[in-house]
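So you can see what is in the structure, the chains are spelled out below.
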Amino acid sequence: MSALLAADPVTGIANMLSQPFVRNALLAGTAIAALSGLVGYFVVLRGQVFAGDALSHVAYAGALAALAAGLDLRLGLFAATIAVGLLLGLLGGRGTVDDVVIGTTFAWVLGLGVLSLTLYTTSSSTDNGTANVNVLFGSIFGITAAAATTAAWVAGGLIVALLLIARPLLFASVDPGVAAARGVPVRLLGPLFLAILGATVGEASQAVGALLLFGLLAAPPAAAQRLTADPWRALPLAAALAVLAMWAGLCLAYAAPALPPSFTIIGCGAAEFAAAAGYAMLRGSPVATRG
């Protein structure tokens with residue numbers, strides 16, 4: 001496959017796109033990457049990277065709990081991440097999340113994850129021995145057409161929800177004190193955004209796995225931040241860079257089957273960040289940060 005792509009890229013890409021599993025991966029992956037880039041920009045801007053990392057572990061624990069109970073793992077993914085996201089926002093107060101709250105929740109969730117893993121491996125793993133690995137590392141090339149369509153619709157709905165609150169959320173992220181004084185519901189926006197982040201984590205877990213999704217949420221948005229200080233330019237740029245990392249990663253994984261797609265996708269995202277950081281250093285560009 002790699003030889004065909006190198007010798008005749010047009011024919012190689014046409015052959016790749018003729019494969020149903022590749023089309024399913026591109027459909028789900030494009031929607032998930034765009035969502036991850038948009039949400040990830042606010043995660044980086046608000047300094048909630050630790051919260052995103054904690055929710056990735058929540059995704060794993062929730063999926064395993066659902067599998068141990070004999071339920072669809074997606075039910076556990078979304079129920080756990082959205083619920084814990086809301087909990088973090090409500091416990092944090094002032095529209096932000098306290099690191100102590102995140103750390104405590106992190107430890108509690110890891111304990112639940114160990115319990116769920118024990119229950120699953122001792123009672124249910126023989127029914128689906130690869131599910132545990134898929135939750136950790138994703139299985140985007142194994143996603144069905146129905147699941148890809150559902151993932152695209154869910155991602156589209158979450159993008160709409162985020163864009164509806166984008167302007168006040170940006171104001172609250174850059175200067176929460178002034179935003180609150182101007183009547184922006186900062187305390188409401190914090191938990192609402194973390195619920196959207198939780199749902200995004202559940203979505204991204206299906207593509208790159210709970211262990212690696214943090215790279216898709218952080219690397220392309222951080223790269224966008226270093227390329228422009230204008231948030232309204234950085235926001236779509238973050239989505240575009242995430243989609244580019246997804247496409248490039250899928251092409252690399254298809255061309256070199258020995259490379260898992262999760263690795264190539266996250267690797268492309270990390271390369272984008274490294275290139276953007278180097279460019280910003282050479283140019284001396286300012287980085288948009290929370291005030």
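Just so it is clear, the structure is predicted and the values come from calculations on it, not from any experiment.

Q: Hey, could you run me through the overall build of the protein chain in this one?
A: Along the protein chain, the regular secondary structure elements total 14 helices and zero strands. Its helices and strands taken in sequence order, the protein chain reads α-α-α-α-α-α-α-α-α-α-α-α-α-α from the N to the C terminus. Looking at the protein chain as a whole, 51% of its 291 residues qualify as buried.

Q: Got a minute to help me understand the environment of L27 in this structure?
A: Secondary-structure assignment places L27 in helix α3 (residues 20-45). By relative accessible area, L27 is classed as partly exposed at 40%. Through-space distance from the C-alpha of L27 to that of A148 is 6.2 Å; in sequence the pair is 121 residues apart.

Q: Is there a simple way to explain helix α14 (residues 261-283) in this structure?
A: Structurally, the α-helix is built with 3.6 residues per turn, so residues lying three or four positions apart point the same way. Taking 1.5 Å of rise per residue, the 23 residues of α14 would be expected to cover 33 Å, and the 33 Å separating its terminal C-alpha atoms lies within 8% of that figure. Taken together, the buried positions of α14 are occupied by P261, S262, T264, I265, I266, C268, G269, E272, A276, A277 and A280.

Q: Would you explain the pattern of salt bridges in this entry?
A: Pairs can form between side chains of opposite charge once their charged atoms are near each other. What the rule picks out here adds up to one salt bridge. For D230, the salt bridge identified is with R233, shortest N-O distance 3.8 Å. What makes R233 exposed here is its relative accessible area of 60%.

Q: Can you help me understand the side chain of T81 in this one?
A: Within the secondary structure, T81 sits in helix α5 (residues 73-92). Assessed through its relative accessible area of 0%, T81 is described here as buried. A polar atom in the side chain of T81 sits 2.8 Å from the backbone oxygen of G198. Excluding residues that lie within four positions of it along the chain, T81 makes contacts with L55, V58, A59, G198, A199, V201 and G202.

Q: Looking at this structure, how should I read the state of the cysteines?
A: Taken as a whole and assessed by the stated rule, the structure comprises zero disulfides. There is no disulfide at C251, and the cysteine sulfur nearest it, in C268, is 9.0 Å away. Classification of C251 as partly exposed rests on a relative accessible area of 32%.

Q: Just to check I follow, could you spell out the side chain of E272 for this structure?
A: The residue E272 is located in helix α14 in this model. One buried charged residue, E272, forms no salt bridge at all, with the nearest opposite charge on R226 at 12 Å.

Q: Could you clarify how one ought to interpret the packing of aromatic side chains in this entry?
A: For any two aromatic rings, the description comes down to two numbers: the centre-to-centre distance and the angle of the planes. Per the stated rule, a full pass over the model turns up four aromatic pairs. On the basis of an interplanar angle of 35° and a centroid distance of 6.3 Å, the ring pair of F21 and Y254 is categorised as tilted. In this pair, F21 sits in helix α3 while Y254 sits in helix α13 (residues 231-255), placing the two residues 233 residues apart along the sequence. According to the relative accessible area criterion, Y254 is buried, its value standing at 6%. Between the aromatic rings of Y41 and F42, the centroid separation amounts to 5.8 Å while the plane-to-plane angle is 75°, which identifies the pairing as edge-to-face. A relative accessible area of 1% means that Y41 is categorised as buried. Judged by its relative accessible area of 1%, F42 falls in the buried class. By the ring-pair criterion, three or more aromatic residues cluster together here, those being F21, F141 and Y254.

Q: Teacher, can you tell me more about the environment of L73 here?
A: Note on placement: L73 falls in helix α5. Distance in space between the C-alpha atoms of L73 and V135 is 8.5 Å, their sequence separation being 62 residues. L73 has contacts with A63, A66, L67 and V135, leaving out every residue within four places of it along the chain.

Q: Looking at this structure, how should I read the environment of A148?
A: Inspection of the secondary structure puts A148 in helix α8 (residues 145-164). Its relative accessible area of 0% is what places A148 among the buried residues. Between the alpha carbons of A148 and L26 there is a distance of 8.6 Å; along the sequence they are 122 residues apart. Not counting residues up to four positions away in its chain, the partners in contact with A148 are N24, L27, A28 and I143.

Cut-offs applied
- Residues numbered from 1 in each chain as written.
- Predicted model: local features only at pLDDT ≥ 70, side-chain atom pairs only at ≥ 80, totals over all residues.
- Heavy atoms only, no water.
- Helix = DSSP H or I, 4+ residues; strand = E, 2+ residues; numbered from the N terminus.
- Buried < 20%, exposed > 50% of the residue type's maximum accessible area, 1.4 Å probe, protein only.
- Expected span 1.5 Å × (residues − 1).
- Salt bridge = Lys/Arg side-chain N within 4 Å of Asp/Glu carboxyl O.
- Polar contact = N/O pair within 3.5 Å; in protein donor to acceptor, adjacent residues only side chain to side chain.
- Contact = heavy atoms within 4.5 Å.
- Disulfide = S-S within 2.5 Å.
- Lys, Arg positive; Asp, Glu negative; His and termini not counted.
- Phe/Tyr/Trp six-rings, centres within 6.5 Å; stacked < 30°, edge-to-face > 60°.

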